[in-house]
Structure formats: C-alpha cells, structure tokens
Amino acid sequence: MTLAVRVPDELAARVPAEQRGEGLGRDAVRLLVSRGTEVSHHAFAELPALLRAGDVLIVNTSQTLPAAVDAVAGHARVVVHFSTRGDDGRWAVELREPDGRGTTRPRAGGPADLAVRLPGDVRLVVEEQLVPGSGRLWWARVSADVPSLLRRHGRPIRYSYTERDQPLAAHQTVFALPSADGVGSAEMPSAARPFTAGLVARLVSRGVQFAPVTLHTGVASPEAHEPPYPELFEVPGTSARLINAAKAGGGRVIGVGTTAVRAVESAAGPGGVVRAAAGRTELVVTPERGVGVVDGLLTGLHEPQASHLLMLEAIAGRAAVGRGYTEAVRRLYLWHEFGDVHLLLPEEFAHTENCCGNCW
C-alpha cells in the first residue's frame, strides 16, 4: 500500500517528547484515533478513556540494543548496524557510511568475504546476502560475543531526521525486559514509547489488561521500505490464554505496534485461537492474508511508502488508513519513533460513551 500523501520534512519528530518543553513526559504526544473513516484528535493521556474494561493491549517486551558500532572496512570508515542473530550464531548486519553529521547514509553491501575491523580487536567477516538479490543486509560471522560488544562499544541506531544522539534509555519502552541471552531489537518497538508507569496504572485500574509478547525487531529500511524478514518471537502461554479469554468475553484485542501484531498473529491457529509459540516468524500481514486475532492497532505514523502500511490496511481497511494519514498531515502530527501515535479501532464502536471528541 502506498498513500497519496506527502509528509513534509518539518513533521519529523527530531527529539523525544520529554525534550520539547519543561515538565513534559513521554506521554506528551498526540493521539489520532480512526474508527473506520471517522477521525478524532486527542492527547495520548486520554487513552484510558478510549478503552474499556475487558480490552487487552498486546505489548512487545523486547529491549532495544545499542546496535550501531563504528568500524573500518579496508581503509574506509563504516558503521555496522547489527540487526538479527541467526540460528547458527551469525548476525544479519547492514554496513552504512558515516555522513559527517552523526548519522549514516546507505552503502553498497558486501562483497562476500569482506573483513571489517571492530573495536577491541574484534573481526567481522561478511559471508552472504540475507535475502538473495538484495545487497542491503548480509549474514556475517563475528569473532566475539555480539551482545557484549554492543554493551561496550555500541550506541542506538540513529537516522538523519533526528537532531542528536540519544541515550539508550530514551530508546527503551516501559515494557522492555532484558533477555537471558542478551539479544533484543535493533530498533525500538516505538509504538509503546509514550506509555508511562502512571498511564499503565490508570489503564489497569480501568480494567484494561496487558498481554506481553516478544518480537526482536531488526534493522528497518528507511530508504528501501522492504517488507519485514524473519525475526525471533515468543508468545507465552499466559498471554495466549488472556487473549483468547478476552475475545471470548467480547473484549477488544489491540496490538501496540506492528511488532506485537506480527508476533501474536504468528501464534494464531484456526479461528484466531492463540497458542503459546516461539521461534522465527516469516509472517507478513497483508490485506490478502488478513488478521485473525487483533481488532485494533496502536502504532506510530509511517512513511507513505512503508511496508508496515499493508498491516494497517489489513486491520482497518484502505479508506480508514488513507483518511487518517490525510488528517495527520493536515493537523501537523509528528512522524517517526519519537512522534505522535495512531489508534485504529473497529468502526462499530464509533459512538460509544468513551469517545472524547476533538480536543486539539
């Protein structure tokens, strides 16, 4: 899906919400709500009033890794973005060029057998393309434990629309948990970033429940907008039972981020029944495939060419997504991981008593 809207450069969120003014918190972002083609505008702090007892939010507990490391390939300076650990111990990596402004630009990948020198006398050897025919991501062997390397020498991946480097804490969500093997997400599962402990408490007091899942997201493709590739995920049995009970009781199941949706839909069986599952998912949610579990989605605002929009269309329909994005541009919502968020709810709930109306 490609949207017929243009997002002006000035709508890129260049710093986190809490750095835009004194006394602001992570939840100081705007919330665009779509119910079919009906759109309303809210503060994110109003989220509890838009949900109801029995609703379940699926949240991704993957922690963000400091996945960018400076390195040298031949005589050239490069930045290695560590994306995903393979079952054989190799890592999928993207090599990029420093752009002189603290961010990076695309670099031709490979070639095979390219040796890269990392800090601490660590050696990385590029072996083969992750996806044959696409030279952006490559499988590589590393002569050291990668999570340890990242803890010592890594920093969060940063893209050119941001103003400056941010500490790793700014890239973690309130739901992030360390994994036993030290792996995590190359980029923040950013839809959950506006949540605070206080907001979670308010949601719980309203009767909204949380179903934690894990999906370690890899490096995105800001230039190429490629579809997602296989990623590690886990849906615990307790979360599966909670989701199934909510659906049986008439509650709405809402994914917080496309990663959470990809995980839970990967664990769905016939009739949308969720089971405990773990492994590597190759699922790509499209309108043709549809969704069997989620009723709605809370997500950031994506580029008009982003492959993530196919999932939004599968959940809410093309007309709803197009209308929402047109309004987001018109009302100057902010894009990307530090930006505003979009809640897509089922159309049949367009006129509940919980609708807050337009507050902006």
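A short tour of the structure in this document, coming up. What you see is a predicted model; the values in this text were computed from it and never measured.

**As for the pattern of salt bridges**
Overall, the coordinates contain 21 salt bridges when judged by the stated rule. Among the salt bridges present, the one from aspartate 55 reaches arginine 252, with a minimum N-O distance of 2.8 Å. Of this pair, aspartate 55 sits in the loop between helix 1 (47–50) and strand 3 (56–60) while arginine 252 sits in the loop between helix 4 (237–248) and strand 13 (253–256), and the two are 197 residues apart along the sequence. No difference in accessibility class separates aspartate 55 from arginine 252, as the two residues are buried. Between arginine 90 and aspartate 88 there is a salt bridge, with its nearest N and O atoms 2.8 Å apart. Judged by relative accessible area, arginine 90 falls into the buried class, the value being 9%.

**Here's the deal with the packing of helix 5 (residues 258–266) against helix 6 (residues 308–316)**
At a minimum axis separation of 11 Å, helix 5 and helix 6 run at an interaxial angle of 65°. Our classification of the angle between helix 5 and helix 6 gives roughly perpendicular. As for how helix 5 packs across helix 6, the hand of that crossing is left-handed. Residues Thr258, Val261 and Arg262 of helix 5 form the contact with helix 6, whose own contacting residues are His308, Met311, Leu312 and Ile315. In the contact of helix 5 with helix 6, the residues fall into four nonpolar, two polar and one charged.

**Examining the layout of surface pockets**
In this structure, the second largest pocket encloses a volume near 240 Å³. Forming the walls of the second largest pocket are 14 residues, and the residues nearest its centre are Leu130, Val131, Pro228, Tyr229 and Pro230. Contributions of two or more residues to the lining of the second largest pocket are made by strand 9 (122–131) and strand 10 (134–142). Per element, the largest residue contribution to the lining of the second largest pocket is four residues, and it comes from strand 10. Considering only residue class, the lining of the second largest pocket consists of nine nonpolar, two polar and three charged.

**Quick look at helix 5**
For an α-helix, 3.6 residues make a turn, and residues three or four places apart therefore share a direction. Helix 5 sits mainly inside the fold: nine of its nine residues count as buried. Listing the buried residues of helix 5 in full gives Thr258, Thr259, Ala260, Val261, Arg262, Ala263, Val264, Glu265 and Ser266.

**A closer look at the packing of aromatic side chains**
Taken as a whole and assessed by the stated rule, the structure comprises six aromatic pairs. Consider the rings of phenylalanine 44 and phenylalanine 195, whose centres lie 5.2 Å apart with planes at 85°: the pair is edge-to-face. With phenylalanine 44 in the loop between strand 2 (38–43) and helix 1 and phenylalanine 195 in the loop between helix 2 (146–153) and helix 3 (197–206), the pair connects residues that are 151 residues apart, well separated along the chain. Its relative accessible area of 0% is what places phenylalanine 44 among the buried residues. Their ring planes at 80° and their centres at 6.1 Å tell us that phenylalanine 82 and tryptophan 91 sit as a pair that is edge-to-face. Since its relative accessible area comes to 1%, phenylalanine 82 is described here as buried.

**Details of the nonpolar core**
Counting residues in hydrophobic clusters, the biggest one holds 45 residues, and the most contacted among them are Ile58, Val235, Ile243, Val274, Val321, Tyr325 and Trp335. Residue assignment for this core shows that the elements contributing at least two residues are strand 3, strand 11 (209–215), strand 12 (231–235), helix 4, helix 5, helix 6 and helix 7 (318–330). By residue number, the principal contributor to this core is helix 6, which donates five residues. One finds Ala92, Trp138, Ile157 and Ala186 within the second-largest nonpolar core, a separate group that totals 37 residues.

**Thoughts on the packing of helix 6 against helix 7**
Running from N to C, helix 6 and helix 7 point in directions that differ by 120°, and their axes come no closer than 7 Å. In terms of orientation, helix 6 lies oblique with respect to helix 7. Facing Leu309, Leu312, Glu313 and Ala316 of helix 6, the residues of helix 7 in contact are Arg318, Ala320, Val321 and Tyr325. Taken together, the residues of the contact of helix 6 with helix 7 sort by class into six nonpolar, no polar and two charged.

**Observations regarding the side chain of glutamate 187**
Looking at the secondary structure, you find glutamate 187 in the loop between helix 2 and helix 3. Buried charge without a salt bridge: glutamate 187, with arginine 136 as the nearest opposite-charge side chain at an N-O distance of 7.0 Å. In terms of polar contacts, glutamate 187 uses its side chain to reach the side chain of tyrosine 159, at 2.4 Å. Here glutamate 187 is in contact with Thr64, Ile157, Tyr159, Thr217, Gly218, Val219 and Ala220, once residues within four sequence places are set aside.

**Things to note about the sheet that holds strand 3**
Ordered in space as 2-1-16-15-13-3-11-12-14, the nine strands form an open sheet in which the pairing is mixed. The sheet is open, and its two borders are formed by strand 2 and strand 14 (277–281), each paired with just one other strand. Neighbour to neighbour, the strand axes of the sheet diverge by 20° on average, direction disregarded. The pairing of strand 11 with strand 12 spans two bridges and is classified as antiparallel. The partner of threonine 214 across the bridge, within strand 12, is glutamate 234.

**Digging into the pairing of strand 8 (residues 115–118)**
Residues Val116 and Leu118 of strand 8 are buried on one face, while the alternating residues Ala115 and Arg117, pointing to the opposite face, are not. By the bridge criterion, two bridges tie strand 4 (residues 68–73) to strand 8 in an arrangement that is antiparallel. By the bridge assignment, alanine 73 is partnered in strand 8 with valine 116. Judged from the four bridges that link them, strand 8 and strand 9 form a sheet pairing that is antiparallel. Paired with valine 116 across the strands is leucine 124, a residue of strand 9. Count of turn residues in the strand 8/strand 9 antiparallel hairpin: three residues, of which glycine 120 carries a positive phi of about 75°.

Rules and cut-offs
Residues numbered from 1 in each chain as written. Predicted model: local features only at pLDDT ≥ 70, side-chain atom pairs only at ≥ 80, totals over all residues. Heavy atoms only, no water. Salt bridge = Lys/Arg side-chain N within 4 Å of Asp/Glu carboxyl O. Helix = DSSP H or I, 4+ residues; strand = E, 2+ residues; numbered from the N terminus. Buried < 20%, exposed > 50% of the residue type's maximum accessible area, 1.4 Å probe, protein only. Axes fitted to C-alpha atoms, helices over the stretch in contact; angles between N-to-C directions. Parallel < 35°, antiparallel > 145°, perpendicular 65-115°, else oblique. Left-handed = near helix turned anticlockwise from the far one by under 90°. Contact = heavy atoms within 4.5 Å. Nonpolar A, V, L, I, M, F, W, Y, C, P; charged D, E, K, R; others polar. 1 Å grid on protein atoms, 1.4 Å probe; cavity = no way out; pocket = protein on both sides within 12 Å on 5 of 7 lines; lining within 4 Å. Points joined across faces, edges and corners; volume = space filled by probe spheres on them. Phe/Tyr/Trp six-rings, centres within 6.5 Å; stacked < 30°, edge-to-face > 60°. Core = buried A, V, L, I, M, F, W, Y, C linked by side-chain atoms within 4.5 Å. Lys, Arg positive; Asp, Glu negative; His and termini not counted. Polar contact = N/O pair within 3.5 Å; in protein donor to acceptor, adjacent residues only side chain to side chain. Pairing = 2+ DSSP bridges.

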